[in-house]
Every structure is written in C-alpha cells, then in structure tokens.
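Analysis of the macromolecular model
Here's the letter readout for the chains.
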Amino acid sequence: MRVAICDDEVRGRERIRTLLEKEFSQAQTSEFDSGMKLIENVEDGYCPDIVLLDIAMEGMDGMETAKRLRELSDAILIFVTGVKEQVFDAFDVGAFHYLMKPIDPDKMTSVLKRAVQEIEKKNTVPRYLLVKAEGSHRRIPVEDILYVENSGRKVILHMKAETLEYYERMNHLEEVLGEGFYRCHRGYLVALSAVSGYDHESITVASGDRIYLAKQKYSDFVKIYCRFLKE
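Now for a description of the structure that goes with this document. Here the structure is a predicted model, which is why all the values come from computation and not from measurement.

On to the overall build of the protein, then. A count of helical and extended segments in the protein gives 7 helices and 15 strands. Principal axes of the C-alpha set define a box for the protein whose edges measure 60 × 35 × 25 Å. Looking at the protein residue by residue over its 231 residues, the buried ones come to 44%. The contacts of the protein with a sequence gap of at least 6 include a subset with a gap of at least 24, amounting to 50%.

Next up on the list: the sheet that holds strand E13 (residues 195–198). With antiparallel pairing, 3 strands are arranged side by side in an open sheet as E13-E14-E15. Each end of this open sheet is capped by a strand with a single partner; those strands are E13 and strand E15 (210–212). Adjacent strand axes in the sheet meet at a mean angle of 30 degrees when their direction is disregarded. Pairing geometry for strand E14 (residues 202–205) and E15, over 3 bridges, is antiparallel. The residue of E15 that forms the bridge with Ile-203 is Ile-211.

Below, the discussion takes up the sheet that holds strand E12 (residues 188–191). Ordered by their spatial adjacency, 5 strands build an open sheet running E10-E9-E8-E12-E11, and the pairing between neighbours is antiparallel. Looking at the sheet topology across the chains shown, the edges are occupied by strand E10 (163–167) and strand E11 (181–185). Adjacent strand axes in the sheet meet at a mean angle of 20 degrees when their direction is disregarded. Here 6 bridges tie strand E8 (residues 145–151) to strand E9 (residues 154–159), and the two strands are oriented antiparallel to one another. Its bridge partner lying in E9, Tyr-147 is registered against His-158.

To continue, consider the side chain of His-158. One can find His-158 in strand E9. Judged by its relative accessible area of 12%, His-158 falls in the buried class. In terms of polar contacts, His-158 uses its side chain to reach the side chain of Glu-149, at 2.8 Å.

Under the counting rule described, the total for this entry stands at 11 salt bridges. Between Arg-17 and Glu-21 there is a salt bridge, with the nearest N and O atoms lying 3.7 Å from each other. Here Arg-17 and its partner Glu-21 are both found in helix H1 (residues 10–23), 4 residues apart, which amounts to about one turn of the helix. Look at Arg-17 and you get partly exposed, because its relative accessible area is 24%. Note that Arg-210 and Asp-199 form a salt bridge whose closest N and O atoms lie 3.3 Å from each other. With Arg-210 in strand E15 and Asp-199 in the loop between E13 and E14, this residue pair connects regions lying 11 residues apart in the sequence.

Before going further, it helps to examine unusual backbone geometry. Lys-101 connects to Pro-102 through a cis peptide bond whose omega is -10 degrees. Looking at the secondary structure, you find Pro-102 in the loop between strand E5 (97–100) and helix H5 (105–122).

Tracing the chain through its elements places Cys-226 in helix H7 (residues 218–230). Here the alpha-carbon distance between Cys-226 and Leu-192, two residues 34 residues apart in the chain, equals 9.9 Å.

Among the nonpolar cores identified, the biggest contains 36 residues, and Leu-129, Ile-145, Val-148, Leu-157, Leu-177, Val-190 and Phe-221 are the most heavily contacted of them. The leading source of residues in this core is H7, at 5 residues. In this structure Ile-145 touches Leu-129, Ile-140, Leu-157, His-158, Met-159, Leu-177, Phe-181 and Ala-191, once residues within four positions along its chain are discounted.

This paragraph deals with the pairing of strand E6 (residues 128–133). Where E6 lies against strand E7 (residues 136–141), 6 bridges are found, and the strand directions are antiparallel. Of the residues in E7, the one forming a bridge with Ala-133 is Ser-136. In sequence, E6 turns back onto E7 through a hairpin of 2 residues, with Glu-134 there showing a positive phi of about 55 degrees.

Reading guide: rules and limits
Throughout this description, residue numbers start from 1 for each chain and increase along the sequence as written. This being a predicted model, a pLDDT of at least 70 is required before a residue's local features are given, and a value of 80 or more before pairs of side-chain atoms are given or counted; all residues contribute to the totals for chains, interfaces and linings. Excluding hydrogens and water, the side-chain values take into account all heavy atoms of the structure. A run of H or I in DSSP counts as a helix once it spans at least four residues, and a run of E counts as a strand once it spans at least two, with each numbered from the N terminus. Buried, partly exposed and exposed residues are distinguished by accessible area as a fraction of the type maximum, computed with a 1.4 Å probe on protein chains only: under 20%, between the cut-offs, and over 50%, respectively. Note on contacts: a residue pair qualifies if any of its non-hydrogen atoms lie within 4.5 Å across the two residues. Between any two strands, pairing holds if DSSP finds at least two bridges. Here, axes are lines fitted to C-alpha atoms. For helices the fit covers the stretch in contact, and angles between N-to-C directions go from 0 to 180 degrees. For this analysis, a polar contact is any N or O atom pair within 3.5 Å, provided that within protein one partner can donate a hydrogen and the other can accept it, and provided that sequence-adjacent residues contribute only side-chain to side-chain pairs. The term salt bridge refers to a pairing of a side-chain nitrogen on Lys or Arg with a carboxyl oxygen on Asp or Glu at a separation within 4 Å. The set of buried Ala, Val, Leu, Ile, Met, Phe, Trp, Tyr and Cys residues whose side-chain atoms join them within 4.5 Å is what this entry labels a nonpolar core.

Purely geometric stuff here, so don't read any function into it on its own.
Here it is as structure tokens:
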C-alpha cells in the first residue's frame, strides 16, 4: 500500500508518518511539502493508493492539488484540515473522508482501515496505468495489456489494439502490475489473463504472439498459471 503525505508543515508530515508507522507498518510512505511536488511525481509515474492531503498549503493549496490529482489518478483522497468549514468543499473533488487537526490517532486509524477496504474492492475492477509517452500522459487500462517487452531503458506495452513504447524500468512495472502478471523471462512480463497456450520454450498470448519462457521458470509458471485459472 503506497501512501502519499502532502503537507507544507514538517511537523504535520511527521505526525502522520509516525501514526502510519505505528498502525500500518506495511505502508510505503512518501512525503511531499507542496501540492506541485506531489503532482509532478504522479505525472512521472508515482501511483499512490492513498493521499493524505492538507488543505491549507502555500502555493497550490489542497483543493487545487486534489483537482489536478483527479485528472491523473484514482487514489483515495483523505483531506487533513484545521478549519472545519473547508471540509464541505472537499467532497466536491471526491474526497473519501477528512481528518481534523490535531489528528486523533483512533480516528485516523478508523478512516485508514476503511480506505484499505476500499482499495481491496477497487482491485477487483479494472485498473489503470498512467504512462508518459511522446510528450503526453495516457491512462492505459491494465486489462488491455497482453504483455510487456523490455527494450533497453524503455518498455513496450503490447496491447489488444496497439503497442506503446516509453521510458520505464521493467522491475518497477512488474511490481506495479502485481499478481496478474508473470515475469516469464528477463525481457518479458505476460498478463496471465492473455495466455492462450504455452510449451517448454514459449508462451502464446491472445494476439497470437509468442514470447520467451525461460527454461528455469517453466515449472513455476505452470503452477502459478494453473492457480490463476482456478481462481
């Protein structure tokens, strides 16, 4: 679970991070001292699951940050504010909940537990991959990806209707795409839902393309693919 903490006050970020480390030790936290820095990182491929966002910040405030974020991400938004009247505007940008400063630990834990449940629900529906290619950002449905090919410092997404090449690390993409994909070879990452056949040397996907299957991964792939089919 990736959690972004966005607050222009160091003490505010530290307070939230301390509570997260105590109650949600599995969370991978990233801190941002401005809304602009958060947006820039999301544009560059950072994909938070939850964003804890202060409303009253210098420069780009929390409301403007949230509006920009909504164009790029479907992350769960939890606003943090010291002014109760600001809460009503928060729901105009699809906020999940809000926390009042000073933050009550029990309240924060309760809200985050419900947010985690929401994430688990979202994982059962189509997800999206934010890709920066040829100077623009695109929202790619993960269900459209058949396989990913490593190409030096870039990767090539082979999709149902097109291919798309952009700068990304294969290891990072493998982590982001998760259990629905299998690294069958150092140069290939295949969507298990797209597999139409396989042998000891290759995997065939729905488009008819054949991709390499490393010999040492054959047994592991068969086990994982059979489990995928059962589920």
